[in-house]
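# Fold and contact review
Spelled out from the first residue to the last, the chains are:
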Amino acid sequence: MKISDIFKNGIIKQNPIFVQLIGMCSVLAVSSSLKNSVTMAIAVIGVLVLSNIVISMIRKVTPEKIRIPIFIVVIATFVTLVEMLMKAFMQSMYQALGIFIPLIVVNCIILARAEAFASKNGVFKSAIDGVAMGLGYGIAITILGTIREIIGSGSIWGIQLFGEGFKPAALFVAPPGAFILLGILIAIFRTVVVKRFSEE
């Protein structure tokens, strides 16, 4: 598989959020602002890339019967490292993301890529797959976070965009707003973007 195809799959054809609909828990929960979304995306990309690399390196010596528990241990190790780094150097974001940082361990995207790609491919391609899938996740959560923050708070990255007369639609920073917006984005993405690339 070409590197361009890996990126195309991760960002468009097999986008984990807009196409595969996996890893939705964190997307809906932490995307109330752009800052939260970007931080979560960076954390997921880091864990995805590092776990894919290690799983690819040990794939030939991993016993078939216990491969899933081994994958989870590898993923949990990197999630713990990310959590410790955030707690040490990004205390405010660590508190904002809360329980969703350790829950990266059970994020379906990461385990799915370990099973479907990293356990069957070399280190370089597995790292690229981690970046591509992470970018797909990151693009989705960033778009959602941006729209929710603008409509629901009238700001972007905490900076107010509108005057005092602006009345934000608080629904969009609440969970129902996340569901509504994500549904609309999935429909647009599948109708416009995926359809266009599948025709090429």
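Since this is a predicted model, take the numbers as computed values, not measurements.

When its secondary structure is counted, the protein chain shows eight helices and two strands. Going residue by residue from the N terminus, the α and β elements of the protein chain occur as α-α-α-α-α-α-α-β-β-α. For 200 residues, the compact-globule formula gives about 16 Å, and the C-alpha radius of gyration of the protein chain, at 18 Å, lands near that figure. Counting only C-alpha atoms, the protein chain reaches 65 × 45 × 25 Å along its principal axes. In the protein chain, which comprises 200 residues, the share counted as buried stands at 41%. Long-range pairs, those at least 24 residues apart, make up 73% of the contacts in the protein chain between residues at least 6 apart in sequence. Summed over all atoms, the accessible surface of the protein chain reaches about 10000 Å², with 71% contributed by carbon and sulfur. For the protein chain, the distance from the average position of its 17 positive side-chain charges to the average position of its 9 negative side-chain charges is 5 Å.

Our next topic: the pattern of salt bridges. Overall, the coordinates contain three salt bridges when judged by the stated rule. With a shortest N-O distance of 3.2 Å, Glu-64 and Arg-67 are connected by a salt bridge. Take Glu-64: its relative accessible area is 56%, and that puts it in the exposed class. Arg-67 serves as the salt-bridge partner of Glu-115, at 2.8 Å between the closest nitrogen and oxygen.

In this section: the nonpolar core. Membership of the largest hydrophobic core comes to 45 residues, with the highest contact counts inside it found for Ile-17, Phe-18, Met-40, Val-47, Ile-104 and Tyr-137. Filtering out sequence-adjacent residues up to four positions away, Met-40 remains in contact with Ser-26, Val-30, Leu-97, Phe-100, Ile-104, Tyr-137 and Ile-141.

On the surface, Leu-171, Ile-180, Ile-184, Ile-188 and Val-192 cluster together to form a nonpolar patch covering roughly 430 Å² of accessible area. The residue Ile-180 is located in helix α8 (residues 175-199) in this model. On the basis of relative accessibility, which here comes to 41%, the residue Ile-180 falls in the partly exposed class.

When the UniProt feature table is mapped onto this chain, "transmembrane region" (unreviewed entry) is found at residues 17-34, 40-58, 70-90, 96-114, 135-157 and 169-189. The span residues 17-34 is 44% helical and 0% strand by assignment, and the distance between its end C-alpha atoms comes to 17 Å.

This part is about the side chain of Asn-52. Counting through the fold element by element, Asn-52 comes out in helix α3 (residues 34-58). Those residues in contact with Asn-52, other than ones at most four positions away along the chain, are Arg-113, Ala-114, Ala-118, Ser-126, Asp-129 and Gly-130.

Time to look at the environment of Leu-81. When you line up the elements, Leu-81 lands in helix α4 (residues 67-89). Its relative accessible area of 44% is what places Leu-81 among the partly exposed residues. For the pair Leu-81 and Val-47, spaced 34 residues apart in the sequence, the C-alpha separation amounts to 9.1 Å.

With that settled, the discussion passes to the side chain of Thr-62. Along the polypeptide, Thr-62 turns up in the loop between α3 and α4. From its side chain, Thr-62 meets the backbone oxygen of Ile-58 in a polar contact 2.6 Å long. In this view, Thr-62 contacts Arg-67 and Ile-70; residues no more than four positions away in its chain are not counted.

Between its first and last C-alpha, helix α7 (residues 123-153) extends 43 Å over 31 residues, near the 45 Å set by a 1.5 Å rise per residue. Directly beyond the C-terminal end of α7, a positive phi value near 70° is found at Gly-154.

Analysis parameters
Residues numbered from 1 in each chain as written. Predicted model: local features only at pLDDT ≥ 70, side-chain atom pairs only at ≥ 80, totals over all residues. Heavy atoms only, no water. Helix = DSSP H or I, 4+ residues; strand = E, 2+ residues; numbered from the N terminus. Rg over C-alpha atoms; globule rule 2.2 N^0.38 Å. Buried < 20%, exposed > 50% of the residue type's maximum accessible area, 1.4 Å probe, protein only. Contact = heavy atoms within 4.5 Å. Areas by Shrake-Rupley, 256 points an atom, 1.4 Å probe, with all protein chains shown as cover. Lys, Arg positive; Asp, Glu negative; His and termini not counted. Charge placed at Lys NZ, Arg CZ, Asp CG, Glu CD. Salt bridge = Lys/Arg side-chain N within 4 Å of Asp/Glu carboxyl O. Core = buried A, V, L, I, M, F, W, Y, C linked by side-chain atoms within 4.5 Å. Patch = residues over 30% accessible without salt bridge, like charges linked within 9 Å, V, L, I, M, F, W, Y side chains within 5 Å. UniProt positions renumbered as here; feature names shortened; annotations may be inferred. Polar contact = N/O pair within 3.5 Å; in protein donor to acceptor, adjacent residues only side chain to side chain. Expected span 1.5 Å × (residues − 1).

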